[in-house]
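Examining the three-dimensional arrangement
Letter by letter, the chains look like this.
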Amino acid sequence: MSTDPLPRPGRDLSGPGDTLAHHYVQTREPVPAFLLDIHMITGGLMAIGPDLEEVVHFDNTPLQPEEVPDRVYYRDEEQRRSAYGHPSDRWEGVIDSVFAYLAPVDVTYEGTGTTPTEYLPAEVLGEGRLAERTGHRYTATYLEEDHGDHGDVEAVLEFWVDEAGYPLYFDQNVALDGEDPETGLPDESGYRVEFAHFDEPIDLHVPSEDEILPERPGF
């Protein structure tokens with residue numbers, strides 16, 4: 001499960017302003033756990049236990065999302081990352097955002113095809129078998145009102161689901177006036193979420209008690 005950026009890796013754009021790209025991984029066996037990995041922070045949070053009541057922090061090495069990271073786990077008594085909230089609460093917020101975009105628009109069924117898979121990190125992508133996923137594609141075009149300083153703008157939605165109805169890919173994109181000063185490409189904002197591995201075993205390392213340091217190393 002991943003929320004990812006437009007127009008280039010390393011950013012997650014949701015309306016005016018930038019937030020960081022991140023991904024989520026949830027497993028129920030052998031130990032229930034819910035991971036939030038924040039790419040540009042190079043670390044994140046993991047909730048562990050039957051009720052996901054214990055939250056530990058981690059740092060990633062290597063730092064690139066295209067590589068499966070090694071992690072250093074630790075407790076943070078000062079809760080320096082508490083502003084990110086509980087991983088499961090943040091994920092529920094992502095789902096709420098997707099439905100908030102979809103609810104007021106009339107979508108058009110475009111048929112089947114290969115679902116886009118653009119920014120899933122190596123930890124979620126696995127051995128690459130997600131690259132060719134057949135899905136059902138839906139689209140919509142609508143007027144988004146009061147989009148920051150840009151006023152009313154045209155927005156485009158793209159939503160893919162699999163045969164069982166599970167979501168695969170969601171993208172909301174708004175083309176804005178002007179160009180990105182760094183790339184020269186047309187200026188745009190958007191919100192993208194990619195989904196994977198529903199009802200499948202998840203290979204997520206959950207740290208044992210002796211792997212969790214009492215504080216962040218080096219701080």
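These figures come from a predicted structure and were not determined experimentally.

When helices and strands are counted, the protein chain shows 2 helices and 14 strands. Within the protein chain, buried positions represent 45% of all 219 residues. Relative to all contacts within the protein chain whose residues are 6 or more apart in sequence, the contacts with residues 24 or more apart total 50%. As presented, the protein chain carries roughly 11,800 Å² of accessible surface, and 50% of it is formed by carbon and sulfur atoms.

If you look at the biggest cluster of nonpolar residues, it comprises 26 residues, and the most contacted ones within it are Trp91, Leu157, Phe170, Tyr191 and Val193. Looking at this core, the elements with two or more residues in it are β5 (33–38), β6 (43–48), α1 (87–102), β10 (134–144), β11 (153–161), β12 (167–179) and β13 (186–194). Counting residues in hydrophobic clusters, the runner-up holds 14 residues, among them Leu35, Val56, Phe58 and Leu204.

What follows covers the pairing of β5. Taken across its 6 residues, β5 has 6 buried, putting it largely inside the fold. Of the two faces of β5, both are covered, the one formed by Ala33, Leu35 and Asp37 as well as the one formed by Phe34, Leu36 and Ile38. As judged from the 6 bridges shared by strand β4 (residues 22–27) and β5, these two strands associate in the antiparallel manner. Along β5, the bridge assignment pairs Tyr24 with Leu36. Between the antiparallel neighbours β4 and β5 lie 5 residues. Alignment of β5 against β6, held across 6 bridges, turns out to be antiparallel. Bridge pairing in β6 places Asp37 opposite Gly44.

As a further point, take the environment of Thr61. Summarising the element assignment, Thr61 is placed in strand β7 (residues 54–61). The partly exposed category is assigned to Thr61, whose relative accessible area is 44%. Remark: the alpha-carbon pair of Thr61 and Thr42, spanning 19 residues in sequence, is separated by 7.8 Å. If near-sequence neighbours (up to four positions away) are discounted, Thr61 is found in contact with Pro69 and Asp70.

About the criteria used
- Residues numbered from 1 in each chain as written.
- Predicted model: local features only at pLDDT ≥ 70, side-chain atom pairs only at ≥ 80, totals over all residues.
- Heavy atoms only, no water.
- Helix = DSSP H or I, 4+ residues; strand = E, 2+ residues; numbered from the N terminus.
- Buried < 20%, exposed > 50% of the residue type's maximum accessible area, 1.4 Å probe, protein only.
- Contact = heavy atoms within 4.5 Å.
- Areas by Shrake-Rupley, 256 points an atom, 1.4 Å probe, with all protein chains shown as cover.
- Core = buried A, V, L, I, M, F, W, Y, C linked by side-chain atoms within 4.5 Å.
- Pairing = 2+ DSSP bridges.

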